[in-house]
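Secondary and tertiary structure notes
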Amino acid sequence: AAEAEAEVRLLLQEARESIEAARSYRRELQQRLRGLHQAREQIKDSATSTRDVLEQHFSDLKGTLKKLLDERLTSLLQEVDVIEQESIKPLDECQKLIEHGVSTADDLLREGESAVDGDVGQQNEKLCNFTKKALHIQLDSLPEVPSLVDVPCLSAQLDDCLLTILKNQIFRHGTVASRPPVQLEEFVEKPGGILVRWCKVDEDFSAQDYRLQFRKSPGSPFEDVYVGSEPEFLVLHMDPHVDYQFRVCARGDGRQEWSPWSVAQTGRTTLVPHEWTAGLEGYSLSSRRNIALRNDSQSCGVLYSKAPTYFCGQTLTFRQTVGQPDRRDSLGVCAEQRNGDESLQRDQAVCISTNGAVFVNGKEMTNQLPAVTSGSTVTFDMEVVQLGPCSNEGGNFKLRVTISSNNREVVFDWVLDQCCGSLYFGCSFSYPGWKVLVF
């Protein structure tokens, strides 16, 4: 009985596992069906959109081409009218002159015939008047009539090769691509932003520039956020836990038109943006509190982050506009805020001075980075290399830190007294004019 009961339990267990495997298998199949449905809808929607674009484009071309042809025909007809009018005008004037001469000759003939055939008593006077009138009219003077070879003979010069050129251009105009030449590849969460990366999927396509767009909601229009030659861009000022749609296209080398857009994809960040602490005398902040400006105040101290928002595994970046440097200046990371310090060159902090010196727990390292320059970036990358029990005994928490500046970097281990799940960042400058963006 015990063996039978054990066998039943085993069979029940196997049955439950089979049922769970069947459920999992069904979920996977249903998910794949949804994927197939989305793929089919994408093909149908993109095909419909492409048809609409082609029909609208060629309809516009037809309208534009007809308008251009009509305008050219009107222009040529106007040229015919002008040439005709300018050529006919002297002929009309000559015709009026000849018609006037014919009328004068008719009158003279009638008067001459009357003088010849008149009474003998009056014949002498009429003949005398007729002769004087005939001499006055100058019957040997005839107007010049141009020959046919000397007058315009209008014709239309039409080159039939235009049709051949248009035919060749039209047959080569437009292409239909089964997929865009570039596609979005990766979304990397950043504090208050997303690093968007894309890649070419058509190896024959030579990209000169890329164009990245995003929108916050499906109903809103896409907006340009980046145009340039780099295959990635960090989009800042994004709200955490909000979906954004992205798409990218490219412009071929030597071309003016952009390629078709990539498939729109959704990205989001769950990391709150880095912010400086407001209210510290000596520093003015931007509206988003991610930019700090050292003002003219004589007050000197460390400006810390609003919260410990830097975590190991992330990259913390400072971008600055420079002022007058001082060796006490600092940009760096610390385990806790500490009021009263004039610099991060202290215990439980790592930093770089504006002259390039690197400090770990208040001690200057032998290795040095280049001096901070205007527009350059200083980055901090950290990873845990030793994790001991959270205590205050010291030496139980070690981070490997990489600080980079102006294409050079230093790597070292930073030992802390206690475990730190998150870290503060801070800066200090002795003189005004320094401006620091953190992201």
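Remember, predicted model here, so these are calculated numbers, not experimental data.

**Observations concerning the UniProt feature "domain: Fibronectin type-III" (unreviewed entry) in the protein**
Feature annotation in UniProt assigns "domain: Fibronectin type-III" (unreviewed entry) to the following positions: residues 180-273. Helix makes up 0% of residues 180-273 and strand 51%, whereas the separation of the span's terminal C-alpha atoms amounts to 33 Å.

**A look at helix H1 (residues 2-117)**
For H1, spanning 116 residues, the distance from its first C-alpha to its last is 167 Å, which sits close to the expected 172 Å at 1.5 Å a residue. Residue Ile88 marks the point of greatest curvature in H1, where the axis turns by about 25°; the proline Pro90 follows within four residues.

**Some thoughts on the state of the cysteines**
As used here, a disulfide is simply a covalent bond connecting the sulfur atoms of two cysteines. In the structure shown here, the tally under the stated rule is 0 disulfides. Considering cysteine sulfurs only, Cys419 is the nearest to Cys420, which forms no disulfide, with 7.5 Å between them.

**Some details on the environment of Glu186**
Note that Glu186 resides in strand S1 (residues 182-190). On the basis of relative accessibility, which here comes to 34%, the residue Glu186 falls in the partly exposed class. Here the alpha-carbon distance between Glu186 and Gly267, two residues 81 residues apart in the chain, equals 9.0 Å. Residues contacting Glu186, with those up to four places away along its chain left out, are Leu195, Val196 and Arg197.

**Points about the domain arrangement of the protein**
When its domains are assigned, the protein resolves into domain 1 (1-172), domain 2 (182-269) and domain 3 (283-438). Spacing between the C-alpha centres of domain 2 and domain 3 amounts to 31 Å.

**With respect to helix H3 (residues 161-172)**
Owing to its 3.6 residues per turn, the α-helix aligns residues three or four sequence positions apart on the same side. Under the 1.5 Å per step criterion, the end-to-end length of H3 is 17 Å for 12 residues, consistent within 8% with the ideal 16 Å. In the segment just after H3, Gly174 is the residue with positive phi, at about 85°.

**A closer look at the nonpolar core**
Core analysis: the biggest nonpolar cluster contains 35 residues, and Phe380, Met382 and Trp414 have the highest contact counts within it. Core analysis: the next-biggest nonpolar cluster, separate from the first, contains 16 residues, Leu184, Val196, Val235 and Ala250 among them.

**With respect to the pairing of strand S3 (residues 207-215)**
Looking along a regular strand, one sees side chains alternate from face to face of the sheet. By the criterion of burial, S3 is predominantly enclosed, with 7 of the 9 residues buried. Across 8 bridges, S3 lies against strand S6 (residues 244-252) in antiparallel orientation. Residue pairing in the sheet places Arg211 in a bridge with Cys249 of S6. Across 5 bridges, the pairing between S3 and strand S4 (residues 223-228) is antiparallel. Residue pairing for S4: Tyr210 is matched across the bridge by Gly228.

**Overview of the packing of aromatic side chains**
Within the structure shown, the criterion is met by 11 aromatic pairs. Aromatic pair Phe187 and Phe246: ring centres 5.4 Å apart, planes at 45°, arrangement tilted. Here Phe187 is found in strand S1, whereas its partner Phe246 is found in strand S6, with 59 residues between them in sequence. Since its relative accessible area comes to 0%, Phe246 is described here as buried. Ring geometry for Trp276 against Phe425: centres 5.0 Å apart, planes inclined by 80°, an arrangement best described as edge-to-face. Placement of Trp276 in the loop between strand S7 (265-267) and strand S8 (283-285) and of Phe425 in strand S19 (residues 424-428) is noted, with a sequence separation of 149 residues between them. Taken together, the ring pairs connect Phe187, Phe214, Tyr244 and Phe246 into an aromatic cluster. Directly above the aromatic system of Tyr283 lies the positively charged group of Arg294, at a separation of 5.6 Å from the ring centroid.

**A closer look at a nonpolar patch on the surface**
Residues Leu54, Phe58, Leu61, Leu162, Leu163, Leu166, Ile170, Phe171 and Val176 make up a contiguous nonpolar surface patch of roughly 840 Å² in combined accessible area. For the nonpolar patch, the secondary structure elements donating two or more residues are H1 and H3. A relative accessible area of 34% places Leu54 in the partly exposed class.

**Considerations on the sheet that holds S4**
With respect to topology, 4 strands assemble into an open sheet ordered S4-S3-S6-S7, the strand pairing being antiparallel. Of all the strands in the sheet, the pair left with one neighbour each is S4 and S7. Taken over all neighbouring pairs, the strand axes of this sheet differ in orientation by 30° on average, direction set aside. Relative to S7, S6 runs antiparallel, the two being bridged by 3 bridges. For Gln245, the partnering residue across the bridge sits in S7 and is Thr266.

Scoring rules and cut-offs
Chains are numbered independently. Their residues run from 1 in the order of the written sequence. Where local features are concerned, this predicted model is filtered to residues with pLDDT of at least 70; where side-chain atom pairs are given and counted, the filter is 80 or more; whole-chain, interface and lining totals use all residues. The basis for the side-chain values is all heavy atoms of the structure; hydrogens and waters are excluded. UniProt positions are given in the numbering used here, feature names are shortened, and annotations may be inferred rather than shown by experiment. Note on conventions: DSSP H or I runs of at least 4 residues are helices, E runs of at least 2 residues are strands, and numbering of each starts at the N terminus. Helix span, as expected, comes to 1.5 Å for every residue beyond the first. Each residue is assigned a bend, namely the angle between axes fitted to the seven residues that terminate at it and the seven residues that start at it. Note on terminology: disulfide denotes any pair of cysteine sulfur atoms within 2.5 Å. Throughout, exposure labels follow a simple rule: accessible area from a 1.4 Å probe, protein chains only, divided by the maximum for the residue type, with under 20% read as buried, over 50% as exposed, and the rest as partly exposed. Should any heavy atoms of two residues lie within 4.5 Å, those residues are considered in contact. Where each domain starts and ends comes from a domain assignment, either automatic or drawn from a database. We define a nonpolar core as any set of buried Ala, Val, Leu, Ile, Met, Phe, Trp, Tyr and Cys residues linked to one another through side-chain atoms lying within 4.5 Å. Between any two strands, pairing holds if DSSP finds at least two bridges. Note on aromatic pairs: the rings of Phe, Tyr and Trp (six-membered ring only in Trp) are paired at centre separations within 6.5 Å, and the planes decide the class, stacked below 30 degrees, edge-to-face beyond 60, tilted for the rest. A ring has a charge above it when a Lys NZ or an Arg CZ is no more than 6 Å from the ring centre and no more than 35 degrees off the ring normal. Any residue with relative accessible area above 30% and no salt bridge may belong to a patch, with like charges joined within 9 Å and the nonpolar Val, Leu, Ile, Met, Phe, Trp and Tyr side chains within 5 Å. Methods summary: accessible areas were calculated by the Shrake-Rupley approach with a probe of 1.4 Å, and residue burial reflects only the protein chains presented. Any Lys or Arg side-chain nitrogen located within 4 Å of an Asp or Glu carboxyl oxygen qualifies as a salt bridge. Angular values range over 0 to 180 degrees, each being the angle between N-to-C directions of two axes fitted as lines to C-alpha atoms, with helices fitted over their stretch in contact.

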